[in-house]
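As a plain string of letters, each chain reads:
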Amino acid sequence: MSDYRIKGETGEWEVVIGLEVHAQVTSNAKLFSGAATAFGAEPNTQVSLVDAAMPGMLPVPNRECIRQAVRTGMAIEAQINKWSRFDRKNYFYADLPQGYQISQLYHPLVGEGSLTIAADEKAGIPSDKVIGIERIHVEQDAGKLMHDQHPTMSYVDLNRSGVALMEIVSRPDMRSPAEAGAYVRKLRSILRYVGSCDGNMEEGSMRADVNVSVRKPGDEFGTRTETKNVNSVRFVMAVIEGEAKRQVELIESGGTVVQETRLYDPDRNETRSMRSKEDAHDYRYFPDPDLLPLELEDAFLDECRASLPELPDAKRARYLSEGISAYNADVLTAEVEAARWFDALLEAGAKPVAAANWVTSELFGALNRMGRDISDSPVSPAQAAELLGLVADGTISGTIAKQVFEKMLETGDGAAAIVDREGLKQTSDTGAIEAEIAKVLAANADKVEQYKGGKEALFGFFVGQTMKAMQGKANPQVVNELLKKALG
Amino acid sequence: MTELTNLTVAQIRDGHRAGDFSAVEVAEAFNANVAGAKALNAFIVETPEHAIAAAKQADADRAAGTLKPLSGVPIGMKDLFATNGVQTTAASHMLEGFVPRYESTVSQKLWDAGCGMLGKLNLDQFAMGSSNETSYFGNVISPWKRKDGGNAALAPGGSSGGSSSAIAARLCPAATGTDTGGSIRQPAAFTGISGIKPTYGRCSRWGIVAFASSLDQAGPMARDVRDCAIMLENMAGFDPKDATSLDMAVPNWEAALSSDLKGKTVGIPKEYRLEGIDPEIDAMWDAGIAMLKDAGAAVVEISLPHTKYALPTYYIIAPAEASSNLARYDGVRYGLRDLPEGAGLQDMYAATRADGFGPEVKRRIMIGTYVLSAGFYDAYYTQAQKVRTLIARDFEAAFGSCDVILAPTAPSAAFGLGEKMADPLAMYLNDVFAVPASLAGLPAMSVPAALNREGLPLGLQIIGKAFDEQGVLNAGLAIEERAGFTARAEKWW
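Rules of the game
Residues numbered from 1 in each chain as written. Chains lettered and ligands numbered in written order. Predicted model: local features only at pLDDT ≥ 70, side-chain atom pairs only at ≥ 80, totals over all residues. Helix = DSSP H or I, 4+ residues; strand = E, 2+ residues; numbered from the N terminus. Rg over C-alpha atoms; globule rule 2.2 N^0.38 Å. Buried ≥ 20, exposed ≤ 12 C-beta atoms within 10 Å, placed from the backbone. Contact = placed C-beta atoms within 7 Å. Expected span 1.5 Å × (residues − 1). Bend = angle between axes of the 7 residues up to and from the residue. pLDDT = per-residue confidence, 0-100. Pairing = 2+ DSSP bridges. Right-handed = clockwise from strand over helix to strand, strands pointing away. Axes fitted to C-alpha atoms, helices over the stretch in contact; angles between N-to-C directions. Parallel < 35°, antiparallel > 145°, perpendicular 65-115°, else oblique. Left-handed = near helix turned anticlockwise from the far one by under 90°. Domains from an automatic or database assignment. Nonpolar A, V, L, I, M, F, W, Y, C, P; charged D, E, K, R; others polar. Arc of directions from axis to C-beta. Core = buried A, V, L, I, M, F, W, Y, C linked by C-beta atoms within 7 Å.

1. What to know about the overall build of chain B
Within chain B, the secondary structure is distributed over 15 helices and 11 strands. The C-alpha radius of gyration computed for chain B amounts to 21 Å, which stays within 12% of the reference 23 Å derived for 493 residues, consistent with globular compactness. Seen through its C-alpha atoms, chain B measures out along the principal axes to roughly 65 × 55 × 50 Å. Out of the 493 residues in chain B, the part that is buried amounts to 59%. Within chain B, contacts between residues separated by at least 24 positions form 77% of all contacts whose residues are at least 6 apart in sequence.

2. Notes on the overall build of chain A
Looking only at helices and strands, chain A features 15 helices and 16 strands. The C-alpha atoms of chain A give a radius of gyration of 30 Å, which is well past the 23 Å a tight globule of 488 residues would have. Principal axes of the C-alpha set define a box for chain A whose edges measure 90 × 55 × 50 Å. A total of 488 residues make up chain A; the buried ones form 41% of that total. Sequence-distant contacts, at least 24 apart, represent 70% of the contacts inside chain A between residues at least 6 apart.

3. Describing the environment of A489 of chain B
Looking at the secondary structure, you find A489 of chain B in the segment after helix 15 (469–483). With residues near it in sequence (within four places) discarded, A489 of chain B still touches P143, W144, A168 and A169 of chain B.

4. Some remarks on helix 12 (residues 377–398) of chain B
With 22 residues, helix 12 of chain B extends 31 Å between its outermost C-alpha atoms, agreeing within 8% with the 32 Å of an ideal straight helix rising 1.5 Å per residue. The principal kink in helix 12 of chain B, of about 25°, is found at Q383 of chain B. Considered for burial, the residues of helix 12 of chain B that qualify are Y380, Y381, A384, R388, I391, D394 and F395 of chain B. For helix 12 of chain B, the secondary structure elements touched by its buried residues are strand 15 (286–287) of chain A together with helix 9 (310–325), helix 11 (359–372) and helix 14 (435–440) of chain B.

5. A look at the confidence of the model for chain B
Of all residues in chain B, 100% have pLDDT values of 70 or greater, and the mean over the chain is 97. As scored by the predictor, the complex reaches a pTM of 0.91 and an ipTM of 0.96.

6. Section: the pairing of strand 2 (residues 74–78) of chain B
All names here are of chain B. Here strand 2 lies mainly inside the structure; five of its five residues are buried. As paired elements, strand 2 and strand 3 (residues 116–121) share five bridges and run parallel to each other. Following the sheet pairing, P74 is matched in strand 3 by G116. In this region the chain leaves strand 2, passes through helix 4 (residues 105–112) and returns to the parallel neighbour strand 3; the handedness of that crossover is right-handed.

7. Description of the interface of chain B and chain A
In this assembly, 34 residues from chain B lie in contact with 26 residues from chain A. If one sorts the elements of the side of chain B that touches chain A by residue count, helix 9 of chain B sits on top with three residues.

8. Some details on the sheet that holds strand 15 of chain A
All names here are of chain A. Overall, antiparallel pairing links the three strands, which are arranged 5-4-15 in an open sheet. Two strands close off the open sheet at either side, each with one partner strand: strand 5 (100–103) and strand 15. Bridge analysis of strand 4 (residues 87–90) against strand 15 gives two bridges, and the strand direction is antiparallel. If you follow R88 over to strand 15, its bridge partner there is F286.

9. Examining unusual backbone geometry
Omega for the bond connecting G158 of chain B with S159 of chain B falls within 30 degrees of zero, at 10°, which places this linkage in the cis form. Structurally, S159 of chain B can be placed in the loop between strand 3 and helix 5 (161–168). Positive phi values are uncommon outside glycine, yet N44 of chain A reaches one of about 60°. Tracing the backbone shows N44 of chain A in the loop between strand 2 (11–24) and helix 1 (63–75). In this model, F126 of chain B sits at a positive phi of 55°, which is unusual for a non-glycine residue. Relative to the assigned elements, F126 of chain B resides in the loop between strand 3 and helix 5. By C-beta crowding, F126 of chain B is classed as buried, having 32 other C-beta atoms within 10 Å.

10. Section: the packing of helix 2 (residues 177–194) of chain A against helix 3 (residues 233–252) of chain A
Helix-helix packing is characterised by the crossing angle of the two axes and by the distance between the axes. Residue and element names in this part refer to chain A. Relative to each other, helix 2 and helix 3 sit at 155°, their axes nearing to 9 Å. With respect to their mutual orientation, helix 2 and helix 3 come out roughly antiparallel. In this structure, helix 2 meets helix 3 at a crossing whose hand is right-handed. Where helix 2 approaches helix 3, its residues P177, A180, G181, V184 and R185 are matched on the opposing element by V233, V236, M237, I240 and E241.

11. Comments concerning the pairing of strand 6 (residues 217–222) of chain B
Residue and element names in this part refer to chain B. Burial within strand 6 is extensive, with six of its six residues counted as buried. Burial along strand 6 is two-sided: Q217, G219 and M221 and A218, P220 and A222, pointing in opposite directions, are all buried. Where strand 4 (residues 174–179) and strand 6 come together, six bridges link them in antiparallel fashion. For G177, the partnering residue across the bridge sits in strand 6 and is G219.

12. As for the domain arrangement of chain A
All names here are of chain A. Along its sequence, chain A is organised into domain 1 (6–300), domain 2 (310–422) and domain 3 (430–486). Computed over C-alpha atoms only, the centres of domain 1 and domain 2 are separated by 37 Å. It is helix 2 that contributes the most residues to the side of domain 1 that touches domain 2, four residues altogether. For the side of domain 1 that touches domain 2, a count of residues per class yields four nonpolar, two polar and one charged.

13. Focus: the packing of helix 2 (residues 23–35) of chain B against helix 3 (residues 48–64) of chain B
Residues and elements named next belong to chain B. With their axes 7 Å apart at the nearest point, helix 2 and helix 3 run at an angle of 165° to one another. By the criterion of interaxial angle, the relationship of helix 2 to helix 3 is roughly antiparallel. Here the hand of the crossing between helix 2 and helix 3 comes out right-handed. Seen from helix 2, the contacting residues are A23, V24, V26, A27, F30 and N31; seen from helix 3, they are P48, A51, I52, A55, K56, A58 and D59. A class-by-class count of the residues in the contact of helix 2 with helix 3 yields 10 nonpolar, one polar and two charged.

14. Quick notes on helix 8 (residues 279–294) of chain B
All names here are of chain B. End to end, helix 8 covers 23 Å across 16 residues, agreeing with the expected 22 Å (1.5 Å per residue, within 8%). I281, M284, W285, G288, M291 and L292 are the residues of helix 8 that are buried. Projection of helix 8 onto a plane perpendicular to its axis shows the buried side chains occupying an angular sector of 115°, all on one side. For helix 8, the exposed residues lying more than 90 degrees away from the buried face are P279, D286 and A290. Here the buried face of helix 8 lies against strand 7 (265–269), strand 8 (298–302), strand 9 (404–408), strand 10 (444–451), strand 11 (457–464) and helix 15. Count one or two residues on from helix 8 and you reach G296, which has phi positive near 105°.

15. Regarding the nonpolar core
If you look at the biggest cluster of nonpolar residues, it comprises 261 residues, and the most contacted ones within it are A69, I240 and V404 of chain A together with I75 and L292 of chain B. Two domains each donate at least three residues to this core, and these are domain 1 (6–300) and domain 2 (310–422) of chain A. Residues F462, M467, A474 and V479 of chain A belong to the second largest nonpolar core, which totals eight residues.

16. What to know about the environment of D338 of chain B
With respect to the helices and strands, the residue D338 of chain B is situated in the loop between helix 9 and helix 10 (345–356). Leaving out residues up to four positions away in the same chain, D338 of chain B has contacts with G331, M348, A351, T352 and D355 of chain B.

17. A short note on the environment of G181 of chain B
All names here are of chain B. Its place among the elements puts G181 in the loop between strand 4 and helix 6 (185–191). Taking the C-beta count within 10 Å as the criterion, G181 has 31 such neighbours and is therefore assigned buried. Along the backbone, G181 and E360 are 179 residues apart, and their C-alpha atoms lie at a distance of 15 Å. In contact with G181, not counting residues within four places along its chain, are L215, Y314, A318, D431, A434, V435 and S438.

Now the structure itself:
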């Protein structure tokens, strides 16, 4: 249970959160037309006659969009409805050419499912938590109005008009901004694993309507507000925090929360009312008579299921079972590209625990420095496996491995070649090591006295000095053994 | 040589093929008739050059031995079908001047089959009406007159009234129509011609300005049953661009025409015997029953118990769909835009739609908006959908004991222009016999059967099982052969 509370004058308040996430389906063509969907095209260059709602034009469902929504449903272990139907949501707006949006109100494609957000003590999520997902339905996106092109007129860009969206509706199961943030991140991760949405919130591929209400713990749900089109995890969390606070202050000062739609202004970090329930649209939903009900066959569902990759939870469990730490497993599974890279590294023969440590520290550190994504890492999984192999078989030490990795990044050469060329092979030559140990102990006679007098922490100092003298190439285990012997 | 404009589609096709005349001669003859019939107001746009171009191609194809199924046949195109480069208005001010850059599937099929276009035919605005009086471009006038000494202008029926009037007046041998609740059959009956609405889904709706999507169905109108079969063969067919299109092969209806009904059973629905109906309608119906018996059919009485709910059901579902289908006419992208000084978006919507839609269209948009609105949806729309299912079941049950159903097409002969405009309900009642087959998506046709005492045509309707256009056409042919309907309107225009 989350212990996130808003402290008001009348006591503590609990916040109740539900999210409707709109995710653009990854598909080359729109939901009901053949027009392209690429982001950033010139205005009105990706518009078919259907998208512009010319007289007599008819929608025909795009099978790939349906397939992606079904695969997404399967990834959240949801009920897939073999019979679903499209409805028209009627309202007038200049960015909505048909005068209605084709959506699914009465019979959505995907029913009840769930996802699990991982425990995160620091964020106030003490244990794993299952968040219910009520449904996923498929619908058309609208176009975009541009108000800055002309002094008195607004322009309309219909490139997005008709693009397929999945609306993923959660249960009101979240109780803190952190939980909501974790939910969005997890959902985004699943979508990207499945490949049904690129999850790019900056480009608008994913955005959330945030439903927030407050109550005294144990009371019935309060009246909720819905803040539309929030387009980053940070903003989702900020909206919840701000909106919960606003509602508590409103109630405690004698007001009542009205059910309304609000807009978030990121510049001022506040929400403001867009329209209240009273002047809410009557959308006059009814089944779209241009479309037959969508009936899915078993073979289609089988193909959808068979095409699903290993999903984040399963991958994480596998990593844990291979001894990888929970922290590393979380980091490695969060982004599908990292997970794929890591799996390729394992496949190339790297040992899981060492590989996980190396990827999360060395590789991520280097990529961070270079400002690169893992998908364009200068070092391939096979090259990394070669490097880690040299550490595993004792050819080089971990310290040397760091140097070798730097050289790999600089030159693009293989690890073994670099080790050979630079003479970085680790030595276990006891004679050479003993000679250096003798020098170190002679030069630090005072510290040897202290050590013998009981200051055992100085052992590390001797190891360090010896390694330094050996230019890092001595096998640390051999150094330890010989030092212990020498110090008696 | 017979006057070319008196020839049927089959006669033009065959005569052209045989070299009796050129296609250009045919096109010129019909172009002349069209040009001379402005008084009927059957056309919104005349396209003589289109007809001539197709005719020249037909003549060239004949010379080259590459004739197409309808080479040399000029037709009229209801102005509800989008035609590439030719104004398409749905008889509305809203789309006045709208020139599509695309061609409807049905019209494209006809051009591909060798037809030429004489022009775009007038209709009730957005196909909403039963008399053609709701057209923004003025009403069509029927070529028929009552033989009562008066000179009243009569309605050609609607919504395909331009089509019916033009065919009856020999302005074109055939035309396209669309039928949502009788818009092919009732005008055919009013003007003494034939017309068939095929099974829902036979003809693609792509490129036809939508009225009520679940009911709209294109079909041919022509002088006789054979011509309807020929035309329908060249209009029907699966279209991947229409999700409700039937994925079935198009039968060779013309080749299989047969008026021998031995072994067939004709159902007579008792609920279609309306109290207070013109006795001449019932007499014509009885005559039709006798004709089908004569053709070898057995006749049984059947029951379609939910018939009385068909009209109210239709007037919920059709306006509901229309209110949504017509939302796209908003002044933003094409068509009329009425933007008063200083107007915002909402003002533009209001001004554009107030100006662009006629009263009947507005009435139906308001009815449709009402029946779909929160709090009324279940009582009206949901209930109507249930009744629609019951009506379809009525037919399924009835077809357990018969092959086709015979009924009148309309409850009266053509009425005078203006006689029913003040009373929408009286106007809606015109479709009482036509609407049930529309709601059930069944093929149905009207054939001329008799003249009433005023000398006006009356039509009989044959309703068939889903996909059994052949059965409908064959029964229609049996009536046509026996009714011997040869009357035509005397030229006054």
